[in-house]
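Read off the chains here:
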Amino acid sequence: MSGPNMTGRTGLLFSLITAALFCGVAAQTVRECENVTVGDIVFLVDGSSSIDDKSFQDIRTFLRNTIQSFEIDPDKVQIGLVQYSDDPYPEFQLTDHRDKNSLLAAVENLTHRGGGTETGKAIDFLQKEYFTKEAGSRAERRVPQIAVVITDGESTDDVLEPARRLRQHGVIVFAIGVGQIKQTQLITIANWPSERFILTTDSYQKLQDQTNSLLETVCLSLEDQRLALVDRFADIFFLVDSGIASNQFTLFRNELFRLLNRLELGASGYRVGLAQYGQDVRVDFRLSTYETKQQIVAAARRFRLRSQTGQPRNLGQALSYAKENFFTAEAGGRADQGTPQYLIVVAGKDSDDPVFWSAENLKDEGVIIVGMDAGATQDALDRFASPGYIFDSSRVTLLIDLLTTQRVETVTEDCKTANKADIVFIVDESGSIGEENFRLMRDFLRSVISGLETGPSKIRVGIVTYNNVPTAHISLNSFRDKADILQFISFLPYRQGGTKTGAALHFTLKNIFTEEKGSRKDVPKVAVVITDGESQDNVTEQAIALRRAGVTVFAVGIKEANKAELLEMASYPKSKFVFTVDSFVKLKPLKETLQATLCNTIIQIGVQDRESDAETKEACKEKDQADIFFLMDDSGSITNEDFSDMQKFIIEILHTFRIGPDHVRMGLVKYSDSPSLQFDLTQHSDAKTMENVVKKIIHEGGGTNIGEALSSMKGHFENAKTSRGYKVSEYLIVITDGKSEDKVQIPAEELRRQGVIIYAIGVKSSNDNELNEIAGDPKRKFFVDSFDALKTIKNNIIREICILEACKDTQGDIFFLTDSSERISEEGFQKMKNFTKSVISKSIIGQDKVHVGLMQYSTTSRLEFDLTTHYNLEGMLNTIDDMEQMNEGTRTGRAITEVSQYFDAARGGRPWVKQWLVIITDGKSQDNVREPAHALRDKGVVTYAIGVDKANSRKLSDISGSSQRVFIENTFDGLKELETKLALKFCEKDCKIEKADIIFLVDGSGSIDEEQFKSMQTFMASVVKETTVGENLTRFGVILYSDAANSSFTLNKIYSKGKVLEALQQLVQPDGSTYTGAALAYSLQYFNAKHGGRREIRVPQILMVITDGAATDRDRLKAESDALRKNGVTVISIGVKDADRKELETMAGGDTSKVFFVDDFKDLITQYKNISSVICDSTKRAYNQTDLVFLLDYSSSINLEEHKMINFTASVVDNFNVSKELAHVGLAQFSDKPKDEIHLNTYNNKTKMIGHIRNRPYKGSAKVRKSRRETKNNDH
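Residues numbered from 1 in each chain as written. Predicted model: local features only at pLDDT ≥ 70, side-chain atom pairs only at ≥ 80, totals over all residues. Heavy atoms only, no water.

Chemist: I'd like a rundown of unusual backbone geometry, residues and numbers included.
Modeler: The omega angle of the peptide bond from Tyr572 to Pro573 is 0°, so this bond is cis rather than trans. Turning to its location among the elements, Pro573 is positioned in the loop between helix H20 (563-569) and helix H21 (574-577). A positive phi angle, near 55°, is found at Lys559, a position not held by glycine. Mapping Lys559 onto the fold places it in the loop between strand E17 (551-558) and H20. Notably, Lys1137 is not glycine yet its phi reads approximately 60°, a positive angle. Within the secondary structure layout, Lys1137 lies in the loop between strand E35 (1129-1136) and helix H39 (1141-1147). (Helix = DSSP H or I, 4+ residues; strand = E, 2+ residues; numbered from the N terminus.)

Okay, structure coming up:
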């Protein structure tokens, strides 16, 4: 090792000193790398001209020192080397040197080549020319692959993509930077985390100081990757039906020999067991019985069936036996090492005992059950086999790929939709876990993350591990590629220690969910805590802080995890976000459920919650008038943060309603030792002012005297009627976190007798019995564990308040189709019945209102009651209580076809009203659902699909036709959260009268008696109740006429619904003749701005004429009604008894849809729904004056089979009122030759236009720009 200028004794002395030092390094590093048994390592060495000969000699020395620590052998460690400058140069391949001496000699002979620094090209060269099977890479044999890049200068080409490709190829990349090289380039090259995979030094001479650091990390990485890549083979148990036909048995046995001969059998390879079943189970040999391939094959050759002619085949019992005896560690199972386990069932006939739950219990242990057909039906195999593991043959050689190929995790359909979120996994690494279990934890993390749609603009992933202290391994902006994340998880260190979960939660909030670490605004944020024990610090406040920051918390408990602590951490509802397993082995089967819930939660947070808020607010528009008081706990047990949560909760509720002195009024009283009025119902008339006042309320503390506070509310509600002038619905929302120090029942009952509806919300330590006494009805009682969870029940409470008004006058047919298969547990079936009863109870049942039917299904269907069986709630509820579970297969498609007929008029349906089907299932049908569901939707039936447990959202979307009509809960407990949400879906109105100028022109002639005039008043009141009255909403006026017309009140006189109703009751009939024409002329002026008309701002204006006889001045009817229409007023004519139908049509301008007639005044009330619909349609039309042109791509790139544009276009057009006066719609297509298919003046009829769109011919390829030019000239 003499330098170039050293000769003689001086050179010899230097060589001896260097050798001594070298031996010291080698001895030390050998000990650190003594666990390394195998690896492929390639050094990529910068040989550019910026490196002088002395420095290159230092590189040689560094390489020699490093190589000395490894055992070089074709079956152990192989080392290759590439030198690069402008081009890469292969110095030696992985297989060129089979021993250490040869390899060291090659290093000594390296020649410094000189040139530029194209590192990117060289890295690509490594991937294509070194890390391949042909070049000696043993990646296929699961040997760790390592690249070490040594460079001292900036690359002149791109390194980002080549390095990313190399890492994705499965190679772990180290980067060693020498001198002043930029850290950013090294970070781009190396694996994450940088502190582990990047080394830097000032000079090549000092590179020797980094030898131990590199060796330590490389050796650790080799061992980590070896463990991650180790072929875990599989535990395979064959369970054979002892009664299969002899030809089937011969086929099976011959195939079994072939399969066994192709597997690497043995104690450290594939382990095999064999048993047969009939009435009971006979084990021929277990997984641990034989240790060599020869022994296993010989035992299989001796295998014979035990004759059990005429005896039952109890596969269910056999599966239960398998769970307890086949795969345990004592029987040779290796689940605790992460070894895949397969039970291969060869079934000759359908089982004689139930199999489903026995199979599910075995799957819950992580065992994959393969069903092989040796005479059994497809149904029978479906009931026990794992999804995707059914074979229609007993040829077990079909399983070779399944057993020998590592399964690649893919993104599920559920998770493809959930494509944007920030997710942080908070992973316990305490000493109680152990190395083997932590490896299973790594597998679990890798499996869950593999199924997510990760990426910088999609789902970002972070990982924090914790013991006594938390450590951030991956921030939300650490990785761009999923492959890098998964590769890093293989190296996730296990350091043991204590269990301070609270500190980890706090650390994650403050250090990971930050903008600096990649957390994004307005993106769902999720934390998944995984722990195996009780925390040594408090988790409650830290979890609350995390949730308050908008993070949804999942809590996964393993083995000794404290269930109460998991509940403390998890978000609400707890049943959705807490998962427990009794061993690390069971993390594997938990993955599917957790992943589905994770993705469905992301969708819910990102989309459904916003839609739910909007739907709730829309429903509450019907709640036009109400007086609501909050009774807010101010006691000393409440922290300032808790008090702030209450304030936010109240503010969110008040913004849901239309606040105003004539609409919804709100007041607030806080209480502790005594009540304190913060603001009364009359004090604030808008939501923003009220919000500011709520924010300024100060938390003072004290005792908890709820009874006294309730008593004080009596006077406030008495004042409410006085201040408004009439009584409206009254509500009290009570929030408390503890037991009252005084009695609550009597004051609560007094308020209820006064007509006040009370909602009781309990938090933390509130008393359940006391909450029931306050609410008076369990349906109006709510409970959450912490104040931060109040926001999660907000919509449930609001819906309860609004549902009665939202659902009044609803007509419809609702059919429930409930899964009654063996997949549904007895407890789940009962909860499904309770859910169905609750939803039905929120509907207004009646012959002219809502009709409900119910069918349960399994393999077949069972009608419990059709749409005409019950017109009262009690009968339905009793029938549901008596339902018994069918416990067979799951044929959802067949059931949909069966239930479809009951929507037809011939079977009691009312196709002229809205019709809904609600399917409740676990989503795993054994038949096709798409076509039957599509056929049902084509009949106009709107379908909602509710999936429970492991339901697949795509399958549910196939049923419902839209993801917006899909609900998924991971337990049946979660159904409770859907009750009011689903019930409100049946009350959605196509049209709501929100803004219009409406004048009633009422015949008060002498032919109408007092009782008949009251009927007209009642009718007008019904129409008013259907609208939202207000200065900026709908305004009403009334004109009474006989010999002359007279305005009773104008559009700008009354802006309150209650006062309009009062004014209607005070109308006085004028008596006299019927001068309807003159009255029409008189009415026109009252639509002008002077009298409150809003024609100038395009508010719809409607005149409703109510008359009982022929007009005395019939010759004026046409001219005066035409004048109204020319001024934009829609005339609706309503005739009673002796009214002339021709006159009614004349007044309506010949539009018979605006003409109504009844034989008796009492029948007027039955018409208000139909008339309200026409009014509503008229108000829509006023806002539908538009010119709309569609420009459609009809190029050859558009697949005709999947062409959705036609349906989309037709559905958009259907939302407009296509007519000469209102919406004009045009359509052009573009391909090679643009064509204007429909001009803006082509159609004045929507039905004909939609027909044209649906029947359009398909054209050729696309040229967009020309088509745009032509569209500009379309009708303009």
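Still to come is the rest of the account.
Chemist: Tell me what's going on with the side chain of Ser1022, and back it up with residues and numbers.
Modeler: Tracing the backbone shows Ser1022 in helix H35 (residues 1010-1025). Contacts of Ser1022, omitting those with residues within four sequence positions, involve Ile1165 and Tyr1168. (Contact = heavy atoms within 4.5 Å.)

Chemist: Give me the sheet that holds strand E7 (residues 235-241): which residues, what numbers.
Modeler: Pairing in this open sheet of six strands is mixed, and the strands run E9-E8-E7-E10-E11-E12 from one edge to the other. Each edge of the open sheet carries a strand with a single partner, namely strand E9 (281-285) and strand E12 (390-391). (Pairing = 2+ DSSP bridges.)

Chemist: Any details on the nonpolar core? Residues and values, ideally.
Modeler: One finds Ile423, Phe425, Val528 and Ile530 to be the most contacted residues of the largest nonpolar core, which totals 68 residues. Residues contacting Phe425, with those up to four places away along its chain left out, are Leu445, Val448, Ile449, Val461, Gly462, Ile463, Val464, Val528 and Ile530. (Core = buried A, V, L, I, M, F, W, Y, C linked by side-chain atoms within 4.5 Å. Buried < 20%, exposed > 50% of the residue type's maximum accessible area, 1.4 Å probe, protein only.)

Chemist: Report on the sheet that holds strand E23 (residues 756-763), specifying residues and quantitative values.
Modeler: The six strands lie next to each other as E21-E20-E19-E22-E23-E24, forming an open sheet whose pairing is mixed. Two strands close off the open sheet at either side, each with one partner strand: strand E21 (675-679) and strand E24 (781-784). Averaged over all adjacent pairs, the angle separating strand axes in this sheet is 20°, with direction ignored. The pairing of strand E20 (residues 664-671) with E21 spans four bridges and is classified as antiparallel. Looking at the pairing, Tyr671 lines up with Pro675 of E21. On the sheet, helix H26 (residues 745-753) packs against strand E22 (730-736) and E23 and is oriented at approximately 145° with respect to E23. (Axes fitted to C-alpha atoms, helices over the stretch in contact; angles between N-to-C directions.)

Chemist: For the confidence of the model for the protein chain, give the residues involved together with the corresponding values.
Modeler: Mean pLDDT for the protein chain: 87, with 91% of residues reaching 70 or above. Across residues 1-30, confidence stays below pLDDT 50; counting only partners more than four residues off in sequence or on other chains, it has 23 contacts. Here residues 1258-1276 scores under 50 on pLDDT; set against residues more than four positions off or in separate chains, the count is 48 contacts. (pLDDT = per-residue confidence, 0-100.)

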